[in-house]
Amino acid sequence: MIGADTTSFDGRDAVEAARHVVSVMERRLAATIVKAAEAAPEPPKRCYVGGAGEWLARRAATRALGGGCVRSLTEKLGREASLCGPAWAVAWLAEGAPDA
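These lines cover the structure that appears in this document, whether it is placed above or below. Since the structure is predicted, the reported quantities are computational estimates derived from the model, not experimental observations.

## Thoughts on the nonpolar core
Item 1. Ala30, Ile33, Cys47, Val49, Ala57, Ala60, Ala61, Cys69 and Val70 form the largest nonpolar core, which has nine residues in total.
Item 2. Listed by contribution, the elements that provide at least two residues to this core are α1 (11-39), β1 (47-49) and α2 (54-65).
Item 3. Examining the composition of this core, we find that three residues originate from one element, α2, more than from any other.
Item 4. When sequence neighbours within four positions are dropped, the list of residues in contact with Val49 reads Glu54, Ala57, Arg58, Ala61, Val70, Arg71, Ser72 and Leu73.

This is how it looks when you write it as structure tokens:
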């Protein structure tokens with residue numbers, strides 16, 4: 001709701017709205033992960049999640065692929081390196097994704 005104030009939109013409303021947004025984002029991200037996995041020549045063996053949205057990416061990837069292949073860059077490399085992970089991945093893909 002745009003232009004709401006505390007008489008029409010309280011803390012409980014804000015929490016409910018935030019939960020709804022997270023649910024929609026998770027479903028959309030999971031659907032995109034499923035499409036990418038289906039387009040791949042073989043099922044993914046691992047799915048690395050990282051960055052500031054790692055918590056959401058982990059939930060979506062687990063929903064889409066199951067939890068067994070989902071790996072955390074934060075757990076593997078630490079928070080600071082994980083925050084750089086998505087930027088590194090984009091650069092790697094832009095260079096033609098050489099075998100790593």
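## Things to note about the pattern of salt bridges
Item 1. In this structure the tally under the stated criterion is five salt bridges.
Item 2. For Arg59, the salt bridge is made with Glu26, and the minimal N-O distance between the two is 2.9 Å. With a gap of 33 residues between them, Arg59 in helix α2 and Glu26 in helix α1 connect regions that are remote in the sequence.
Item 3. Taking relative accessible area as the criterion, Arg59 reaches 41% and is therefore assigned partly exposed.
Item 4. Overall, Glu26 belongs to the buried group, its relative accessible area being 9%.
Item 5. In this structure, Glu26 and Arg63 form a salt bridge, with 3.5 Å as the shortest nitrogen-oxygen distance. Linking Glu26 in helix α1 with Arg63 in helix α2, this pair joins segments that are 37 residues apart in sequence.
Item 6. Taken together, the shared-partner salt bridges connect Glu26, Arg59 and Arg63 into one network.

## Quick look at helix α4 (residues 79-94)
Note: α-helices contain 3.6 residues per turn, so residues at a spacing of three or four share the same orientation.
Item 1. For α4, which comprises 16 residues, the first-to-last C-alpha distance of 24 Å matches the rise-based estimate of 22 Å (1.5 Å per residue) to within 8%.
Item 2. At Gly85, α4 shows its strongest bend, of approximately 40 degrees, with the proline Pro86 following within four residues.
Item 3. Count one or two residues on from α4 and you reach Gly96, which has phi positive near 100 degrees.

## Some words on the layout of surface pockets
Item 1. Approximately 660 Å³ is the volume found for the largest pocket.
Item 2. Together, 16 residues line the largest pocket, and Tyr48, Leu73, Gly85, Trp88 and Ala89 are the ones closest to its centre.
Item 3. Elements with a minimum of two residues in the lining of the largest pocket: β1, α3 (73-77) and α4.
Item 4. Take the lining of the largest pocket: its biggest share by element is eight residues, from α4.
Item 5. Of the residues assigned to the lining of the largest pocket, the class counts are 13 nonpolar, two polar and one charged.
Item 6. In this structure, the second largest pocket occupies an estimated 320 Å³ of space.
Item 7. Contributing to the lining of the second largest pocket are 13 residues, with Ala36, Ala37, Ala40, Pro44 and Arg46 lying nearest its centre.
Item 8. Per-element tally for the lining of the second largest pocket: the top contributor is α1, with four residues.
Item 9. Of the residues contributing to the lining of the second largest pocket, the split by class is nine nonpolar, one polar and three charged.

Conventions used here
- Residues numbered from 1 in each chain as written.
- Predicted model: local features only at pLDDT ≥ 70, side-chain atom pairs only at ≥ 80, totals over all residues.
- Heavy atoms only, no water.
- Core = buried A, V, L, I, M, F, W, Y, C linked by side-chain atoms within 4.5 Å.
- Buried < 20%, exposed > 50% of the residue type's maximum accessible area, 1.4 Å probe, protein only.
- Helix = DSSP H or I, 4+ residues; strand = E, 2+ residues; numbered from the N terminus.
- Contact = heavy atoms within 4.5 Å.
- Salt bridge = Lys/Arg side-chain N within 4 Å of Asp/Glu carboxyl O.
- Expected span 1.5 Å × (residues − 1).
- Bend = angle between axes of the 7 residues up to and from the residue.
- 1 Å grid on protein atoms, 1.4 Å probe; cavity = no way out; pocket = protein on both sides within 12 Å on 5 of 7 lines; lining within 4 Å.
- Points joined across faces, edges and corners; volume = space filled by probe spheres on them.
- Nonpolar A, V, L, I, M, F, W, Y, C, P; charged D, E, K, R; others polar.

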